[in-house]
Amino acid sequence: MDSLFVNSLLEDLKNSDETVREQATKKLWRIWYQQKGIYGLEMIERSQKLLDSGQIAKAEAVLTELINEQPDFAEAWNRRAFLYYTTSQYEKSLADCLMAIQMNPVHFGALHGMGLSYAALGEYAKAIAAFNRALEIQPYSLVNQKLILECTFRLS
């Protein structure tokens, strides 16, 4: 990954122009999905099709195979975290989010997912911390701002 280009995109996430932010977000996702080339991308797409068709166990197997083959592929960990979150396996989702963030500390998607998992487990202070970390990267993210408010309300 071209770190200068990524850093430029990360700065664009803080731009007051919504179009600039949206373009930067799309480009970052594309970089993350394509980090490991066409094979990694195809495996992620295959897992998503399986998930969309309700074949959760097969989708999980595809992502686990990809992670075993390419353990440094942050997006594979993030996609499996998403699968676990959607199937209410919040502890597993958290573990995979943490792996993705360890490899890619600016992965706002994994930070958001971590916050969602913490909130689902009733750990609202940790959820707020995760959403705040995501907001440091994407300060205009209305969904994270809203979730912080919801978690704050639940703490009181």
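Above: the structure in question.
The structure presented is a predicted model; accordingly, all values stated were derived computationally and were not measured. (Residues numbered from 1 in each chain as written. Predicted model: local features only at pLDDT ≥ 70, side-chain atom pairs only at ≥ 80, totals over all residues. Heavy atoms only, no water.)

Some remarks on helix H8 (residues 124-137)
- Spanning 14 residues, H8 covers 20 Å between terminal C-alpha atoms, matching the ideal 20 Å at 1.5 Å per step.
- Buried residues of H8: Tyr124, Ala127, Ile128, Ala130, Phe131, Ala134, Leu135 and Ile137, and no others.
- The inward-facing, buried residues of H8 abut helix H1 (3-12), helix H7 (108-120) and helix H9 (142-155). (Helix = DSSP H or I, 4+ residues; strand = E, 2+ residues; numbered from the N terminus. Expected span 1.5 Å × (residues − 1). Buried < 20%, exposed > 50% of the residue type's maximum accessible area, 1.4 Å probe, protein only. Contact = heavy atoms within 4.5 Å.)

Thoughts on empty space enclosed by the protein
- The final tally for this structure, using the stated rule, is one cavity of 30 Å³ or more.
- Considered as a void within the structure, the largest cavity measures approximately 40 Å³ in volume.
- For the largest cavity, the full set of lining residues is Ser47, Gln48, Leu51, Ala59, Leu63, Arg79, Phe82 and Leu83.
- Contributions of two or more residues to the lining of the largest cavity are made by helix H3 (37-52), helix H4 (56-69) and helix H5 (74-86). (1 Å grid on protein atoms, 1.4 Å probe; cavity = no way out; pocket = protein on both sides within 12 Å on 5 of 7 lines; lining within 4 Å. Points joined across faces, edges and corners; volume = space filled by probe spheres on them.)

What about the packing of H8 against H9?
- Two elements in contact, H8 and H9, have axes separated by 9 Å at closest approach and are oriented at 160°. By the angle between their directions, the pair H8 and H9 is classed as roughly antiparallel. Considering how the two elements wind past one another, H8 and H9 form a crossing that is left-handed. Within the contact between the two elements, H8 uses Tyr124, Ala125, Ala127, Ile128, Phe131, Asn132, Ala134 and Leu135 and H9 uses Asn144, Gln145, Leu147, Ile148, Cys151, Thr152, Arg154 and Leu155.
- Of the residues in the contact of H8 with H9, the class split is eleven nonpolar, four polar and one charged. (Axes fitted to C-alpha atoms, helices over the stretch in contact; angles between N-to-C directions. Parallel < 35°, antiparallel > 145°, perpendicular 65-115°, else oblique. Left-handed = near helix turned anticlockwise from the far one by under 90°. Nonpolar A, V, L, I, M, F, W, Y, C, P; charged D, E, K, R; others polar.)

Some words on the pattern of salt bridges
- This model, assessed by the stated rule, comprises four salt bridges.
- Across the pair Lys126 and Glu123 runs a salt bridge, and its minimum N-O distance is 3.2 Å.
- Judged by its relative accessible area of 27%, Glu123 is partly exposed. (Salt bridge = Lys/Arg side-chain N within 4 Å of Asp/Glu carboxyl O.)

What to know about the layout of surface pockets
- Here the largest pocket defines a volume of roughly 290 Å³.
- Every residue lining the largest pocket is counted, 16 residues in all, and those nearest its centre are Thr25, Gln138, Tyr140, Ser141 and Leu142.
- At five residues, helix H2 (residues 18-33) tops the list of elements feeding residues into the lining of the largest pocket.
- Of the residues contributing to the lining of the largest pocket, the split by class is seven nonpolar, six polar and three charged.
- Computed from the structure, the second largest pocket encloses a volume of approximately 160 Å³.
- Contributing elements (two or more residues each) for the lining of the second largest pocket: H5, helix H6 (90-103) and H7.
- A per-element tally of the lining of the second largest pocket places H5 first, with five residues.

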